[in-house]
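What follows is the residue order along each chain.
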Amino acid sequence: GTGTRAKYENNMVGVQIGARWYARHGHWILSSNVRGFAANNFQFFTGEQRQIITLIDAQGNFIVLNPVDTAIDQSFDEFVPGGELRLEAAYEVTREVRLRVGFDLLYFGRGIGRGFDQTTLAANGPGDNDQSVTYAGVAFGFEVNR
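What comes next is a walk through the structure. Predicted model, so just to flag it, every value in this text is computed and none were measured.

**What to know about the overall build of the protein chain**
The secondary structure content of the protein chain amounts to 1 helix and 7 strands. In sequence order, the protein chain lays out its α and β elements as β-β-β-β-β-β-α-β. Scaling as 2.2 N^0.38, a compact globule of 146 residues should have a C-alpha radius of gyration of about 15 Å, whereas the protein chain reaches 25 Å, well beyond that. Oriented by its inertia axes, the alpha-carbon framework of the protein chain measures out at about 85 × 30 × 25 Å. Here the contacts in the protein chain between residues at least 6 apart in sequence split such that 66% fall between residues at least 24 apart.

**Things to note about the pattern of salt bridges**
Taken as a whole, this structure holds 11 salt bridges when the rule is applied. A salt bridge links Glu84 to Arg35, with the shortest nitrogen-to-oxygen separation between them at 3.1 Å. Taken together, the residues Glu84 in strand S5 (residues 68-92) and Arg35 in strand S2 (residues 28-51) connect sequence positions 49 residues apart. Classification of Glu84 as buried rests on a relative accessible area of 12%. Assessed through its relative accessible area of 31%, Arg35 is described here as partly exposed. Among the salt bridges present, the one from Arg100 reaches Glu143, with a minimum N-O distance of 2.3 Å. Of this pair, Arg100 sits in strand S6 (residues 97-112) while Glu143 sits in strand S7 (residues 131-144), placing them 43 residues apart in sequence. Here the salt bridges share partners, and the residues they tie into one network are Arg24, Glu88, Glu92, Arg98, Arg100 and Glu143.

**Regarding the nonpolar core**
Listed in full, the 5 residues of the largest apolar core are Phe37, Val80, Phe108, Ile112 and Val133. Those residues in contact with Phe37, other than ones at most four positions away along the chain, are Val15, Gln16, Val80, Pro81, Gly82, Gly83, Leu106, Tyr107 and Phe108.

**With respect to the side chain of Glu84**
Separated by 3.2 Å, the side chains of Glu84 and Arg86 make a polar contact. Beyond its immediate chain neighbours, meaning those up to four positions away, Glu84 contacts Asn33, Val34, Arg35, Asp104, Leu105 and Leu106.

**Some words on the sheet that holds S2**
Overall, antiparallel pairing links the 5 strands, which are arranged S1-S2-S5-S6-S7 in an open sheet. A single partner strand is all that each edge strand has here, and the edge strands are strand S1 (3-25) and S7. When strand polarity is set aside, the average angle formed by the axes of neighbouring strands in this sheet is 15°. Pairing geometry for S1 and S2, over 23 bridges, is antiparallel.

**Topic: the environment of Ala19**
Looking at the element boundaries, Ala19 is found in strand S1. The spatial distance from the C-alpha of Ala19 to the C-alpha of Gly36 is 9.3 Å, given a sequence separation of 17 residues. Those residues in contact with Ala19 that sit more than four places away from it in its chain are Ser32, Asn33 and Val34.

Cut-off values and rules
Residues numbered from 1 in each chain as written. Predicted model: local features only at pLDDT ≥ 70, side-chain atom pairs only at ≥ 80, totals over all residues. Heavy atoms only, no water. Helix = DSSP H or I, 4+ residues; strand = E, 2+ residues; numbered from the N terminus. Rg over C-alpha atoms; globule rule 2.2 N^0.38 Å. Contact = heavy atoms within 4.5 Å. Salt bridge = Lys/Arg side-chain N within 4 Å of Asp/Glu carboxyl O. Buried < 20%, exposed > 50% of the residue type's maximum accessible area, 1.4 Å probe, protein only. Core = buried A, V, L, I, M, F, W, Y, C linked by side-chain atoms within 4.5 Å. Polar contact = N/O pair within 3.5 Å; in protein donor to acceptor, adjacent residues only side chain to side chain. Pairing = 2+ DSSP bridges. Axes fitted to C-alpha atoms, helices over the stretch in contact; angles between N-to-C directions.

Okay, here's the thing in structure tokens:
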């Protein structure tokens with residue numbers, strides 16, 4: 001059959017620096033973490049595309065050409081700046097039990113391989129290897145200290 005399969009593998013190595021803030025207000029414990037980082041992203045792209053071309057001649061007969069297979073294996077290096085912000089609030093129900101809620105934002109500024117244009121794999125290669133990525137999430141939980 002026809003189709004396209006591809007994947008990016010992103011492997012980042014780098015450094016980070018950060019700061020932490022912590023404050024207690026009665027039963028509330030507030031904290032935050034801020035981090036900045038810079039990394040080199042060693043990317044590996046693998047793509048395979050198969051096309052089967054069907055033509056119709058002047059008499060209306062179908063002519064099926066042999067499949068055209070295109071395979072690409074490429075490596076890239078990209079610089080990735082980014083940062084993380086984490087905010088958390090905990091309510092101390094008792095000395096041993098805390099209820100927690102937190103927010104986390106993780107940002108990769110550029111240099112992430114995420115996808116490609118399926119229609120131009122053979123002509124242009126994978127492309128799209130320097131995109132940015134943002135993750136955001138909320139966490140709820142409890143803590144028991146004994």
